[in-house]
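Coordinate inspection notes
Letter by letter, the chains look like this.
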Amino acid sequence: KRRRVSENQEIEDRLESLILRVGEKSTSSLESNLEGLASVLEADLGTFRLKILRILTDCAIRMPEKCTIYTTLVGLLNAKNYNFGGEFVEYMVKTFKDSLKACKWNAARYALRFLADLVNCHVLSASSLLQLLDNMIDTANEDNVPQVRRDWYIFAILSTLPWVGRELYEKKEAALEHLLVSIEIFLNKRSKKHHNALRVWASDTPHPQEEYLDCLWSQIRKLRSDNWAEKHIPRPYLAFDSTLCEALQHNLPKIIPPPHQDSNKYPMPWVVFRMFDYTDCPEGPILPGTHSIERFLIEEHLHSIIELYHLERKDCAAHLLNFPYKLKIPLEYCIVEVIFAELFNMPSPRFLDIAYGAMLIELCKLQPSTMPQVLAQATEILFMRIDSMNVSCFDRLVIWFSYHLSNFQFRWSWEDWESCLSLDSEHPKPKFIKETMLRCMRLSYHQRIKEILPANFSCYIPEKAEAEYKYAKEGAAALPGTAAAHQLVVSFRQKCTPEEVLNVLKDLPNPRPDDDPASESRFNPLKIDVFVQTLLNLGSKSFSHSFSAISKFHYVFKILADCEEAQICILRNMFELWYNHQQMMIVLIDKMLKTQIVKCSAVANWIFAKEMCQEFTKNYIWEILHLTIKKMNKHIIKLGGELAEAREKLARAESSESEDEEEDEDKKKPEDAEKPTEEMVERMEEKLEAAQGDQKNLFLIIFQRFIMILSEHLVRCDTDGRDYNTHWYRWTIGRLQQVFLAHHEQVQKYSPTLETLLFTQDLDPHVLEVFHQFVSLQG
Amino acid sequence: SRGEQDKLLRLTTTLYVGNLSFFTTEEQIYELFTRCGDVRRIIMGLDKYKKTPCGFCFVEYYNREDAENCLRYVNGTRLDDRIVRTDWDAGFIEGRQYGRG
């Protein structure tokens, strides 16, 4: 018996490998391979029916690029065995419905596409497919559901039409027209407030930044005007027309999409990123136009290769460069455009920034004769159009470019960007160079940066990242804290305790007036000054030295800074010492947040303080704000997860106690043993609530400060009769937009509060608009 | 034992990083490695006698997934013009930072 089992296993494995590999490079033609495989499978349908159904369905979903190969195979099997065809359709319909229910939107789209392509193979009737598409239109027209849900149904239909449009046009022209009219009506009514928030560039020249459904609709309209003739999709079933024509067709059962659930997550809308047209790649094959369906199909295919191989950068690069239609298109340009589209995707790229950076490095290594040039051309284009790029993408471009340069010996023709030297330093172009250099310096060192830039670019060389310790400078004697600072240095060297530090600081006078009613506590800014600057200066040798200094004297920090004002004072002193070392400030703040020396709200208020206005438009300030918000968000997510887990444990323990008491003891999972008490769960709830209160407070502070400085600017420009639209204004409103988008999932919860408290109707429309765009994102 | 070692390697969030330049600083490593996630600590490998960096370090992440991404995207790329090599490490133990120099 055992031998029988293993024999069957062997056959199953062989079938699986045959099915998986059909369509790969082979000595014989695809048609004869398909024919052969169909015969093999037909013979095994008796014993291995279920297995074959499962493998075929898996292939259909997991290798969407081979859709038409597998539909042809199913078509051939259906022609030989009508019942099997029917069972396959059932299986696929179930997959489609399950995917919808599980919110696996791409899997659902691939299942739908497969069903549609089965019409081409005479497995399904055209009219029953149209019925399904009509049902989907009805779903899209439902009221009181999020627009993202409705949009997805339309997107699913439109993205299926390239496969089956021609067949429907030939067989059911009127019904197809009716479907298209319904879609057009839907699209005309649709709100597109989110569009501006998701654009990479504010400007539409030279390439319009189209909303994804609008773009696909234009492509489908163009396809229709070409009588649905499309040149990209391989259609192996055409060779089997005479066989397939004789097969009987099935009808799809009535499929009603599952209703909306509040817990459903739908894909966010996006903007189709375009940076090239055919004039950018004058040699070789022509780049298909913006509204040709080929452009959509190529992009979708490249995106799916990236999705499939993003964990293996070398394989990913190899598969991208091995694109099946590479001779018909300017492949390098298509790849670069698609990778930047992912990197610049708003609100966030689907994979890590560095995943794309690593992919581009591999592509350059694998295709050194063409790829680096195309990438350089792309960089040049991105730089030329940087004036209207949104700030999130600006940041990502800086991060990518510095990383890329550091992998290629920092070689770049900086001379080409000389014209920037005459621009205002707040202009995005000089700012891009400056910020890129700061990042390059983090990856290398000061001397190296000096060497890579031409002499006339010296204004872009960052300051040397050194501590500025005022108590060791000339003239320090006149400062009120110098004596204590020097004493402190001696104590630190003698490995003193925190109590001894407090003792050294004890007699420093408090410069603040005794009866300041505005202040909540009696902290002493001079003590903080002497302590923070001296301690951090002593730890200045490296991050590790600083970190261990902080943790060793954590107690002193807590004693000296028990209120927010005092915590801001710590930050101010850290800045005074380290203003030339942005990366140090970032890691110090990160450390002080983690060790709860400073609160998130203190960091936010410090960033918006008057004395920081010189730093306000620099990238690192926003790096700090975002890491602060993220820290808070992570904390909330962690507490929420722990609470849910405890509740579940409690419920499980209760139900097992009441129901089956004779249950086997060792069956119980060990974690059930530590059943939480009601009180424990209650305490966790309180903790989460308190944390959510902090989070809400943090967002309120940030948005209120934004509103204040932006309104002030707008009013002042208005009274002075100046143009409000300055570089400062664009950076600041961009940063506001970035806070909304980068943390949209967390901010969303507080939308109603934000609307009633801050983003009220009397606000300047420019500022209010940013809020409205955000609200419409998940609308 | 071998089994325990394997288990540690399956769960660890620490990476051994090799082939660094002797002049590469903790700051530079931090900049590159945080692009894959939050770093808990970096321990520079030091020459046993001179106590100066000698071309390797340990990077510990908070999450396993971030360390996995580091192996995927940082391993085999450049820092300070040298190809960085990363590998799983069973976890840093005091004393292991001293290399042969």
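What about the environment of His713(A)?
All names here are of chain A. Along the chain, histidine 713 falls in helix 30 (residues 678–720). Under the relative-accessibility criterion, histidine 713 is labelled buried at 9%. A sequence separation of 379 residues divides histidine 713 from cysteine 334, and the C-alpha atoms of the two residues are 42 Å apart. In this structure histidine 713 touches Tyr724, Thr726, Trp728 and Tyr729, once residues within four positions along its chain are discounted.

A closer look at the nonpolar core
Counting 193 residues, the largest nonpolar core has Phe340(A), Phe531(A), Phe759(A) and Phe33(B) as the members making the most contacts within it. Not counting chain neighbours up to four residues away, the residues in contact with Phe531(A) comprise Leu488(A), Phe492(A), Val501(A), Leu505(A), Phe553(A), Val556(A), Phe557(A) and Leu560(A). Among the nonpolar cores identified, the runner-up in size contains 90 residues, and Cys121(A), Met136(A), Ala140(A) and Phe155(A) belong to it.

Section: the side chain of Asn69(B)
Tracing the sequence through the fold places Asn69(B) in helix 3 (residues 64–73). Leave out the neighbours within four places in its chain, and Asn69(B) touches Leu352(A), Cys36(B) and Val74(B).

With respect to the interface of chain A and chain B
At the junction of the two partners, chain A supplies 31 residues and chain B supplies 23 residues. Three residues, Arg313(A), Ile354(A) and Leu443(A), lead the burial of chain A against chain B; their summed loss comes to 23% of the area buried on that side. Between chain A and chain B we count 5 salt bridges in total. In this structure, Lys594(A) engages Asp38(B) in a salt bridge whose closest nitrogen and oxygen atoms are separated by 3.8 Å. Between the two partners, chain A and chain B, sit 14 residue pairs in polar contact (both at pLDDT 80 or more).

Some words on unusual backbone geometry
Residue and element names in this part refer to chain A. Between threonine 205 and the following residue, proline 206, the backbone shows a cis peptide bond with an omega angle of 0°. Counting through the fold element by element, proline 206 comes out in the loop between helix 9 (195–198) and strand 1 (210–211). Despite not being glycine, asparagine 227 has its phi angle at roughly 55°, a positive value. Checked against the element boundaries, asparagine 227 lands in the loop between helix 10 (212–225) and helix 11 (241–245).

Digging into the pairing of strand 3 (residues 53–61) of chain B
Within a regular beta strand, the side chains point alternately toward one face of the sheet and then the other, so they alternate between its two faces. Residue and element names in this part refer to chain B. In terms of burial, strand 3 is largely enclosed, as 8 of its 9 residues are buried. As defined by bridge partners, strand 1 (residues 14–18) adjoins strand 3 across 4 bridges and the pair is classed as antiparallel. Of the residues in strand 3, the one forming a bridge with tyrosine 16 is phenylalanine 58. Where strand 2 (residues 39–47) meets strand 3, 6 bridges bridge the pair, whose relative direction is antiparallel. Counted as the bridge partner of isoleucine 42 is valine 59 from strand 3.

Some remarks on the sheet that holds strand 7 (residues 98–99) of chain B
With respect to topology, 5 strands assemble into an open sheet ordered 6-1-3-2-7 (chain B), the strand pairing being mixed. A strand with exactly one partner marks an edge of an open sheet, and here the two such strands are strand 6 (85–89) and strand 7 of chain B.

Structural notes on the pattern of salt bridges
If you walk through the whole model with that rule in mind, you get 55 salt bridges over all chains. Between Asp204(A) and Arg199(A) there is a salt bridge, with its nearest N and O atoms 2.8 Å apart. Given the relative accessible area of 39%, Asp204(A) is considered partly exposed. Accessibility expressed as a relative area gives 9% for Arg199(A), which makes it buried. As a salt-bridge pair, Glu623(A) and Arg439(A) come within 3.2 Å of each other at their nearest N and O atoms. On the criterion of sequence distance, the pair formed by Glu623(A) in helix 28 (residues 619–658) and Arg439(A) in helix 18 (residues 428–443) is long-range, its members being 184 residues apart. Among the residues examined, Glu623(A) registers a relative accessible area of 25% and is labelled partly exposed. Overlapping salt bridges, with partners in common, bring together Arg439(A), Arg442(A), Glu623(A), Glu31(B) and Arg35(B) in one network.

Quick look at empty space enclosed by the protein
It is a probe the size of a water molecule, rolled over the atoms, that shows where empty space is left. Residues and elements named next belong to chain A. Applying the stated criterion across every chain yields a total of 6 cavities of 30 Å³ or more. Empty space within the largest cavity amounts to approximately 200 Å³. Every residue lining the largest cavity is counted, 15 residues in all, and those nearest its centre are Pro64, Glu65, Arg113, Trp163 and His301. Looking at the lining of the largest cavity, the elements with two or more residues in it are helix 3 (67–80), helix 5 (105–120) and helix 12 (293–309). Among the elements that take part in the lining of the largest cavity, helix 12 stands out by supplying 4 residues, more than any other. Residues of the lining of the largest cavity, tallied by class, amount to 8 nonpolar, 4 polar and 3 charged. In this structure, the second largest cavity occupies an estimated 60 Å³ of space.

So, how was this worked out
Residues numbered from 1 in each chain as written. Chains lettered and ligands numbered in written order. Predicted model: local features only at pLDDT ≥ 70, side-chain atom pairs only at ≥ 80, totals over all residues. Heavy atoms only, no water. Helix = DSSP H or I, 4+ residues; strand = E, 2+ residues; numbered from the N terminus. Buried < 20%, exposed > 50% of the residue type's maximum accessible area, 1.4 Å probe, protein only. Contact = heavy atoms within 4.5 Å. Core = buried A, V, L, I, M, F, W, Y, C linked by side-chain atoms within 4.5 Å. Buried area = accessible area lost by both parts, 1.4 Å probe. Salt bridge = Lys/Arg side-chain N within 4 Å of Asp/Glu carboxyl O. Polar contact = N/O pair within 3.5 Å; in protein donor to acceptor, adjacent residues only side chain to side chain. Pairing = 2+ DSSP bridges. 1 Å grid on protein atoms, 1.4 Å probe; cavity = no way out; pocket = protein on both sides within 12 Å on 5 of 7 lines; lining within 4 Å. Points joined across faces, edges and corners; volume = space filled by probe spheres on them. Nonpolar A, V, L, I, M, F, W, Y, C, P; charged D, E, K, R; others polar.

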